[in-house]
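# Coordinates in review
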Amino acid sequence: MCGRYAIYAAPHKLKDLFGLNKTPNLPPLYNAAPLQDLPVIVKDHIGMARWGLLPPWANADDAGLCSKMINARSETVTEKASFKESWTKRRRCLIPANGFYEWKKSEDEKSKQPYFIFNPDEDVFAFAGLWAKTHDVLTFTILTKDADGPVADIHQRTPVMFNAKQANDWFAADHISAMGIVRAATS
C-alpha cells in the first residue's frame, strides 16, 4: 500500500520522459499525502488532481471517503463499485514519482520503521492509477498489487509501477491487455 510518496523531478524532465505537451511549474514534494492536489498524467497531458478517488455516487465533500480510496487493489478494480466505472471507461492515469514510503512493523509490533523505496535504475517512474471527475472534482487512486521482490520483505502490497517507456502501452491497452500489464509489473 502506498500512503506517502515523493516527486521532486524537474518539470522539464517529466516533459521529456513522458512525452508531455507542456508541464506546469511543479514544486518538489518529498511527502506527498492523501487529499493533496498532486501531478497526474493522462496520455500526453499533466495536471493536478486530488489524491483519493471520489466515486461517482459520493457526495462532493466526502473527504473521509476519499481518504479511504487512495489505493485500489488491481485484482478487484473490475468488481468494486468505487473503481469499476473508472476502469470500464478507461480513465487511466500515471502518477509520476521518485519513490514512495512504506513502514515495516518491528518484531515486537510496537513501532514501525520507515523505508524510502525507489528504483536505482530509473530516477523517475510512475504509479498506475485511475481517475474520476465527480461534482467537478478531479481525483485519483493508485493501483496496488501483491508485493514481490525486495518490497515484499517490508510490506505485503506495493503500488503498480511503470517506467516512462510503458506509459503509452498503459493508455493504449484494452481492458484485458491493461490487466496483463498490471500483473506483469514488478516491484
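To be clear, the structure that these remarks concern was listed above.
Described below are features of the structure shown in this document. (Residues numbered from 1 in each chain as written. Predicted model: local features only at pLDDT ≥ 70, side-chain atom pairs only at ≥ 80, totals over all residues. Heavy atoms only, no water.)

### Overview of the side chain of T139
- Structurally, the position occupied by T139 is in strand β10 (residues 137-146).
- Here L54 takes part through its backbone nitrogen, which lies 2.9 Å from a polar atom of the side chain of T139.
- Excluding its chain neighbours within four sequence positions, the residues that come into contact with T139 are A49, R50, G52, L53, L54, L130, W131 and A132. (Helix = DSSP H or I, 4+ residues; strand = E, 2+ residues; numbered from the N terminus. Polar contact = N/O pair within 3.5 Å; in protein donor to acceptor, adjacent residues only side chain to side chain. Contact = heavy atoms within 4.5 Å.)

### Comments concerning the nonpolar core
- Membership of the largest hydrophobic core comes to 58 residues, with the highest contact counts inside it found for Y5, F18, F127, F140, L143 and W170.
- No other element matches strand β9 (residues 125-134), which puts 6 residues into this core. (Core = buried A, V, L, I, M, F, W, Y, C linked by side-chain atoms within 4.5 Å. Buried < 20%, exposed > 50% of the residue type's maximum accessible area, 1.4 Å probe, protein only.)

### Here's the deal with a nonpolar patch on the surface
- A contiguous nonpolar surface patch, about 420 Å² in accessible area, is contributed by Y8, Y30, F116 and F118.
- On the secondary structure map, F118 appears in the loop between β8 (112-117) and β9.
- Judged by its relative accessible area of 51%, F118 falls in the exposed class. (Patch = residues over 30% accessible without salt bridge, like charges linked within 9 Å, V, L, I, M, F, W, Y side chains within 5 Å. Areas by Shrake-Rupley, 256 points an atom, 1.4 Å probe, with all protein chains shown as cover. Salt bridge = Lys/Arg side-chain N within 4 Å of Asp/Glu carboxyl O.)

### Some details on the sheet that holds strand β7 (residues 99-105)
- Reading across from one edge, β2-β1-β7-β8 is the order of the 4 strands in this open sheet, with antiparallel pairing throughout. The sheet is open, and its two edges are formed by β2 (29-32) and β8, each paired on a single side. Sheet twist, expressed as the mean angle between neighbouring strand axes with direction ignored, is 25°.
- Here 2 bridges tie strand β1 (residues 5-7) to β7, and the two strands are oriented antiparallel to one another. (Pairing = 2+ DSSP bridges. Axes fitted to C-alpha atoms, helices over the stretch in contact; angles between N-to-C directions.)

### Topic: the packing of aromatic side chains
- With the rule as written, the count across this model stands at 11 aromatic pairs.
- Measuring from ring centre to ring centre gives 5.4 Å for Y5 and F127, while their planes differ by 85°; the resulting arrangement is edge-to-face. Highlighted residues: Y5 in strand β1 and F127 in strand β9, separated in sequence by 122 residues. For the residue pair Y5 and F127, the accessibility class agrees, reading buried in each case.
- On the basis of an interplanar angle of 75° and a centroid distance of 5.6 Å, the ring pair of F125 and F127 is categorised as edge-to-face.
- Note on F125: relative accessible area 4%, which makes it buried.
- Among the residues examined, F127 registers a relative accessible area of 0% and is labelled buried.
- Every member of this aromatic cluster is reached through a ring pair, and the members are Y5, W51, F100, F125, F127 and F140.
- Positioned above the aromatic ring of W87 is the side chain of R92, whose terminal nitrogen or guanidinium carbon lies 5.5 Å from the ring centre. (Phe/Tyr/Trp six-rings, centres within 6.5 Å; stacked < 30°, edge-to-face > 60°. Lys NZ or Arg CZ within 6 Å of the ring centre and 35° of its normal.)

### Some thoughts on the pattern of salt bridges
- Tallied over the entire structure, the rule returns 6 salt bridges.
- K145 is the partner of D148 in a salt bridge, and the nearest nitrogen-oxygen pair spans 3.6 Å.
- The network of salt bridges with shared partners includes E75, D146 and R157.

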